[in-house]
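Letter by letter, the chains look like this.
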Amino acid sequence: MSEAEPVAASAPEALNATDSNGTEALNATAKFVATPEGTALAYGSLVFMALLPIFFGALRSVTCSKSKNASDMPETITGRDAARFPIIASCTLFGLYLFFKAVLQGPQVEPQVEPQIEPQVFSQEYINLLLSVYFFGLGVLALSHTMSPLMSRIFPDSFPNKQFQLLFTQGSGEAKEEIVNYEFDTKNLVCLLISSVVGVWYLLKKHWIANNLFGLAFALNGVELLHLNNVSTGCILLGGLFVYDVFWVFGTNVMVTVAKSFEAPIKLVFPQDLLERGLEASNFAMLGLGDIVIPGIFIALLLRFDVSLKKNSRTYFYSSFLAYIFGLGLTIFVMHTFKHAQPALLYLVPACVGFPVIVALIKGELTEMFRYEETPPEEEGAKEDSSESEKKDQ
């Protein structure tokens, strides 16, 4: 979670923390003092925006887990992936820190020697421009994928919807293998066009609304398409990132430097001075996407577990969803009480893991919950093919 900081301000007292998957905490001394109404509106809006991709992403993950379309197939996170993720994230974060430090400090000169002005190929402006173009492409695709189901409902049945297929293969004959096989239709192209308009708006203006549209799309796609294979893997991932988040926020200033230098839609923002300045407001409260996606994929897993029980109830999903609201609210409360940056996962992880475990203990389903295992769609397809071939042989 984060306190507010004007975009143009550069307070040396600022404590700003972010990690490679978007987790952020910010507490800054600024000239602008937000009103209680502005602060409540900003943080209330951030909490509401954080809940949207978790709720709808979890619902879409249920359908996604059964999809055999290559473009909608989820990426399954195993226990080994979960154990390595905090280490990889730490190396990436520290690498960015060293890179940005080198860029910001520039070449060292001896005292009493006239410094020579040399053009910097890797200046901060060029780096942020490169990042903007990169996230422009990712954001357009993510927003288009997010809008696609909605557009399918909006367009009438009489709409001339043509099917297309983008296919790249390698080799020939029996050695031919597919590299890319993407199927889309006219409705998808309309979504892509609308998303491109938002992308150009973000690229040219860096407006906070365009930033949030991309951020929400990234978060929703992450919750929908990143699947934990079981609850134990989720506990490993959340536990590792719990330690990671606490260490990099409280133990070093690495996140401070990266956060001040990294311009990308990896966070949701909402202005605390919206009531005073309208859409041109610039004093933002922020929430990193990592504080949404990481708990979100665990909550989505519990929803799929609910579906697997076939009891027509969503007990574990709703309990973890309420736990997320409680953890996020507790983060805001502690941050304002102690006036210090707080790593949100410090409060979100115990809440999102603890609440469902307590519910499972009460219902006597703890063993069943930890035994629940998801099989990737491609493996299920392989099993079905092998079983069909065995039946034919018999």
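As a reminder, the structure under discussion sits directly above these lines.
Everything numeric in this text was worked out from a predicted model, so none of it was measured.

Draft legend 1. View of the pairing of strand E9 (residues 283–288). Among the six residues in E9, six count as buried, and that is most of the element. Burial along E9 is two-sided: the face carrying Asn283, Ala285 and Leu287 and the face carrying Phe284, Met286 and Gly288 are both buried. In the sheet, strand E8 (residues 267–271) pairs with E9 via five bridges, with the strands oriented antiparallel. Counted as the bridge partner of Val269 is Met286 from E9.

Draft legend 2. Representation of the nonpolar core in the model. Judged by nonpolar contacts, the single largest core of 87 residues is most densely connected at Leu46, Phe262, Ile292, Tyr316 and Tyr324. Here the element with the most residues in this core is helix H9 (residues 290–309); it accounts for 12 residues. Leave out the neighbours within four places in its chain, and Tyr324 touches Ala50, Leu51, Ile54, Asp291, Ile292, Pro295, Ile299, Leu348 and Cys352.

Draft legend 3. Region of the structure containing the side chain of Thr233. Mapped onto the elements, Thr233 comes out in helix H6 (residues 231–251). A polar contact is formed between the side chain of Thr233 and the backbone nitrogen of Gly79, at a distance of 3.4 Å. With residues near it in sequence (within four places) discarded, Thr233 still touches Ile77, Thr78, Gly79, Ala82 and Leu228.

Draft legend 4. Seen up close, the packing of aromatic side chains. Throughout the structure, instances matching the rule amount to 17 aromatic pairs. Geometry around Tyr202 places Lys206 over its ring, the cationic atom sitting 5.2 Å from the centre.

Draft legend 5. Structural context of the environment of Phe94. Position of Phe94 relative to the elements: it lies in helix H2 (residues 79–105). Taking the relative accessible area as the measure of exposure, Phe94 reaches 36% and is therefore partly exposed. Through-space distance from the C-alpha of Phe94 to that of Val258 is 8.8 Å; in sequence the pair is 164 residues apart. What Phe94 contacts, discounting residues up to four positions off in sequence, is Trp248 and Val254.

Draft legend 6. Region of the structure containing the pairing of E8. With respect to burial, E8 is a largely interior element, five of its five residues being buried. Residues of E8 alternate between two faces, with Lys267, Val269 and Pro271 on one and Leu268 and Phe270 on the opposite face, all of them buried.

Draft legend 7. The arrangement of a nonpolar patch on the surface in detail. A cluster of nonpolar side chains, namely Leu166, Phe168, Ile179, Val180 and Tyr182, defines an oily patch on the protein surface of about 440 Å² accessible area. With three residues, strand E6 (residues 177–185) is the largest single contributor of residues to the nonpolar patch. Residue placement: Leu166 occurs in strand E5 (residues 163–170). According to the relative accessible area criterion, Leu166 is partly exposed, its value standing at 41%.

Draft legend 8. Expanded view of the pattern of salt bridges. With the rule as written, the count across this model stands at six salt bridges. Note that Arg277 is salt-bridged to Asp273, the shortest N-O span being 4.0 Å. Here Glu365 makes a salt bridge to Lys363, at a shortest N to O gap of 3.9 Å. Each of the salt bridges in this network shares a partner with another, and the network as a whole consists of Lys311, Lys363 and Glu365.

Reading guide: rules and limits
- Residues numbered from 1 in each chain as written.
- Predicted model: local features only at pLDDT ≥ 70, side-chain atom pairs only at ≥ 80, totals over all residues.
- Heavy atoms only, no water.
- Buried < 20%, exposed > 50% of the residue type's maximum accessible area, 1.4 Å probe, protein only.
- Helix = DSSP H or I, 4+ residues; strand = E, 2+ residues; numbered from the N terminus.
- Pairing = 2+ DSSP bridges.
- Core = buried A, V, L, I, M, F, W, Y, C linked by side-chain atoms within 4.5 Å.
- Contact = heavy atoms within 4.5 Å.
- Polar contact = N/O pair within 3.5 Å; in protein donor to acceptor, adjacent residues only side chain to side chain.
- Phe/Tyr/Trp six-rings, centres within 6.5 Å; stacked < 30°, edge-to-face > 60°.
- Lys NZ or Arg CZ within 6 Å of the ring centre and 35° of its normal.
- Patch = residues over 30% accessible without salt bridge, like charges linked within 9 Å, V, L, I, M, F, W, Y side chains within 5 Å.
- Areas by Shrake-Rupley, 256 points an atom, 1.4 Å probe, with all protein chains shown as cover.
- Salt bridge = Lys/Arg side-chain N within 4 Å of Asp/Glu carboxyl O.

Worth remembering: the numbers are spatial, not functional.
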